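Chain by chain, the residues:
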Amino acid sequence: MGLLFTMVGEDLKTKKNKLVVSRFPADSGILAEVDKGSLNVQLLERVFMKNEKSYKAVMYRNLTKSSSNWKGKAIDRQISDFNNPTSKYWIKDFLESDFSVTSAHGTTRIAEALKQAANDATDIDLKEELAAAGILLGGFSGKAVSIDSIISGLNLSNSAAEAIRQQVPSKAARAETFQYDHMIFRNIFRFKSVMISNGVMITADASEFDNVVDISGKGKIKKFSTSGEVVNQKIQKSSPKGIL
Amino acid sequence: MSLRKAYNRRRDRVLLPVAKSLEAHIEKLLKTTKRIDRICARAKETESFLRKAQNKSKNGALKYAEPLNEILDQIGVRIVVFYPQDVDLVSSVISDYFMAIETKELAPEFEYEFGYIGRHFILSIPTELIPEDADEDLLPQHFELQIKTMFQHAWSEASHDLAYKPGHGALDSEQLRLIAYAAAQAWGADRIFRDISDGRIFQNIGKI
């Protein structure tokens, strides 16, 4: 239970209707009032704000005065989980709203950004870091995330974070929250590539790479071995940049 | 600023480039979807917008108090598919990837009437397609997407062209009857192709 504030008004600049809802956790209290020479004391339950910094809030703006379509921005300062910047309970159950980006769209956006960033990376460490990020994202499945929260949540290096941001130049798009779906992600981001110093590149399904490629050797020099039937091969005219 | 000038400014600066990006975005989403005849996006023509802005409600008042904000098909996308079942398949992909604020199945009111048929969506424009420097005041939040079969598309294009032919008056009773007859034939053709494709294409989809 908590204190609920609602405010309705008109944006002076845009002349559009605005609705603000905020919800704070509250505690019980005692109200004492002087009433005709006597003191009236009442126990009021759950009326005092417990913590002004722990709240949920949303600001909606309707797109046109005649429209019932409202778009808003929500914040949830009652959870500290970086994987979960806004609780689904607050958005879907309490506000009966939904994210403006669908699960498929948001997940496809991060999958394509990560895949392209990995393909474009010429530095093998960066390529590996981005490939590893693709595997770690499995832990986000079903959670409400944004590209920004994924970047900070995975604690990526500056160069990896920048490589992803370059693929999604829109700041607003990177900040949009969506429900992450790892099945969709896996359909797009499927490969892990390793480039070694003799010019060979090995590529396999990221989640299966360690099962199908044996890596041995100590220090910097590694031996990679794998076996299977040749199902496809091609020769590229230019020096290899992507997948062989 | 007049409505014409305001719309022309919006059309040139925002609607045309966003329509182009939207077309490419949807083509990419539907890259592996079969039996799509075409995907085309357009920014609404100025004359068409101004004509719509003058539409009136049943009580005689203007239908749109704020045409620039309330007319939602300033950007329109049409996806034309081969068979009626493909309308459902494409709708499913679109619903997965876009936030819909409205979905409508347009069809004549009575079973014995024939005319416009189509599935319409009002969808949010994906944020990544909006230029970073776009003026928020010029930017519509939504676009209209239509999914039609080839016969529905052909009928609506021809009947719209005839109905809004500049310099000609409204269609007369006989012409309206003939256009309804053409709609019935388009409906019948879709039904025939639906039935044949049901046996030859769509029965296998569930088995894959």
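Worth saying up front: this structure is predicted, and the values here are computed from it rather than measured. (Residues numbered from 1 in each chain as written. Chains lettered and ligands numbered in written order. Predicted model: local features only at pLDDT ≥ 70, side-chain atom pairs only at ≥ 80, totals over all residues. Heavy atoms only, no water.)

**A look at the overall build of chain A**
Here is step 1: Secondary structure summary: chain A contains eight helices and 11 strands in total.
Here is step 2: Across chain A, every contact between residues at least 6 apart in sequence was considered, and the portion connecting residues at least 24 apart equals 53%.
Here is step 3: Counting every atom, chain A has about 15100 Å² of accessible surface; 51% of that belongs to carbon and sulfur. (Helix = DSSP H or I, 4+ residues; strand = E, 2+ residues; numbered from the N terminus. Contact = heavy atoms within 4.5 Å. Areas by Shrake-Rupley, 256 points an atom, 1.4 Å probe, with all protein chains shown as cover.)

**So, the sheet that holds strand S5 (residues 142-149) of chain B**
Residue and element names in this part refer to chain B.
Here is step 1: Here we have five strands laid out as an open sheet, ordered S1-S2-S5-S4-S3, and mixed in their pairing. The open sheet has two edge strands with one neighbour each: strand S1 (36-43) and strand S3 (100-106). The average undirected angle you get between the axes of adjacent strands in this sheet is 15 degrees.
Here is step 2: Bridge count for S3 against strand S4 (residues 118-124) is six bridges, and the pairing is antiparallel. The partner of Ala-100 across the bridge, within S4, is Leu-123.
Here is step 3: Across the sheet, helix H4 (residues 84-97) is in contact with S1, strand S2 (75-81), S4 and S5; its angle to S5 comes to roughly 155 degrees.
Here is step 4: Packed on one face of the sheet, helix H5 (residues 150-163) meets S1, S2, S4 and S5 and runs near 115 degrees to S5. (Pairing = 2+ DSSP bridges. Axes fitted to C-alpha atoms, helices over the stretch in contact; angles between N-to-C directions.)

**What to know about the pattern of salt bridges**
Here is step 1: A complete count under the given rule lists 19 salt bridges over all chains for this structure.
Here is step 2: For Arg-109 of chain A, the salt bridge is made with Glu-128 of chain B, and the minimal N-O distance between the two is 2.5 Å. Within this pair, whereas Arg-109 of chain A is found in helix H2 (residues 103-120), its partner Glu-128 of chain B is found in the loop between S4 and S5, the two belonging to separate chains.
Here is step 3: Under the relative-accessibility criterion, Arg-109 of chain A is labelled buried at 7%.
Here is step 4: Residue Glu-128 of chain B is classed as partly exposed on the basis of its relative accessible area of 27%.
Here is step 5: A salt bridge links Glu-102 of chain B to Lys-104 of chain B, with the nearest nitrogen and oxygen atoms 3.5 Å apart.
Here is step 6: Judged by its relative accessible area of 33%, Glu-102 of chain B is partly exposed. (Salt bridge = Lys/Arg side-chain N within 4 Å of Asp/Glu carboxyl O. Buried < 20%, exposed > 50% of the residue type's maximum accessible area, 1.4 Å probe, protein only.)

**Quick notes on the nonpolar core**
Here is step 1: Counting residues in each nonpolar core, the largest one holds 68 residues, and the members touching the most others are Leu-130 of chain A together with Ile-26, Ile-79, Phe-143 and Leu-145 of chain B.
Here is step 2: The greatest single-element share of this core, amounting to eight residues, is contributed by helix H1 (residues 3-29) of chain B.
Here is step 3: Setting aside anything within four residues of it in sequence, one finds Ile-79 of chain B in contact with Ile-26, Leu-30, Ile-36, Arg-38, Ile-39, Val-90, Ile-94, Leu-145, Gln-146, Ile-147 and Lys-148 of chain B.
Here is step 4: Listed in part, the eight residues of the second largest apolar core include Val-58, Trp-90, Ile-91 and Phe-99 of chain A. (Core = buried A, V, L, I, M, F, W, Y, C linked by side-chain atoms within 4.5 Å.)

**Quick word on the domain arrangement of chain A**
Here is step 1: When cut into domains, chain A gives domain 1 (2-78) and domain 2 (103-225).
Here is step 2: Here the C-alpha centre of domain 2 of chain A lies 42 Å away from the C-alpha centre of domain 1 of chain A. (Domains from an automatic or database assignment.)

**Notes on the interface of chain B and chain A**
Here is step 1: Contacts between the two partners involve 18 residues from chain B and, on the opposite side, 21 residues from chain A.
Here is step 2: The largest share of the area that chain B buries against chain A comes from Tyr-97, Met-99 and Thr-127 of chain B, three residues that together contribute 34% of it.
Here is step 3: For the pair chain B and chain A, the interface holds two salt bridges.
Here is step 4: Counting across the chain B and chain A interface gives six residue pairs in polar contact (both at pLDDT 80 or more).
Here is step 5: Mapped onto the side of chain B that touches chain A, the elements with two or more residues apiece are H1, helix H3 (67-70) and H4 of chain B.
Here is step 6: For the side of chain B that touches chain A, the element with the most residues is H4 of chain B, which contributes three residues. (Buried area = accessible area lost by both parts, 1.4 Å probe. Polar contact = N/O pair within 3.5 Å; in protein donor to acceptor, adjacent residues only side chain to side chain.)

**Some details on the side chain of Arg-119 of chain B**
Here is step 1: Here Arg-119 of chain B lies in strand S4.
Here is step 2: Dropping the residues within four chain positions of it, Arg-119 of chain B is found in contact with Val-87, Asp-88, Ser-91, Lys-104, Glu-105, Leu-145, Gln-146 and Ile-147 of chain B.

**Section: the packing of aromatic side chains**
Here is step 1: Under the defined criterion, the tally for this structure stands at 14 aromatic pairs over all chains.
Here is step 2: Connected via pairs of aromatic rings, a cluster forms that spans Phe-82, Tyr-83, Phe-151, Phe-193 and Phe-202 of chain B. (Phe/Tyr/Trp six-rings, centres within 6.5 Å; stacked < 30°, edge-to-face > 60°.)

**Focus: unusual backbone geometry**
Residues and elements named next belong to chain A.
Here is step 1: The phi dihedral of Glu-96 is positive, around 50 degrees, even though this residue is not glycine.
Here is step 2: Relative to the helices and strands, Glu-96 is located in the loop between helix H1 (88-94) and H2.
Here is step 3: Given the relative accessible area of 70%, Glu-96 is considered exposed.

**Here we look at a nonpolar patch on the surface**
Here is step 1: The grouping of Ile-30, Val-34, Leu-39, Val-41 and Leu-43 of chain A at the surface amounts to a nonpolar patch, some 580 Å² of accessible area in total.
Here is step 2: Looking at Leu-39 of chain A, the relative accessible area reads 58%, which means it is exposed. (Patch = residues over 30% accessible without salt bridge, like charges linked within 9 Å, V, L, I, M, F, W, Y side chains within 5 Å.)

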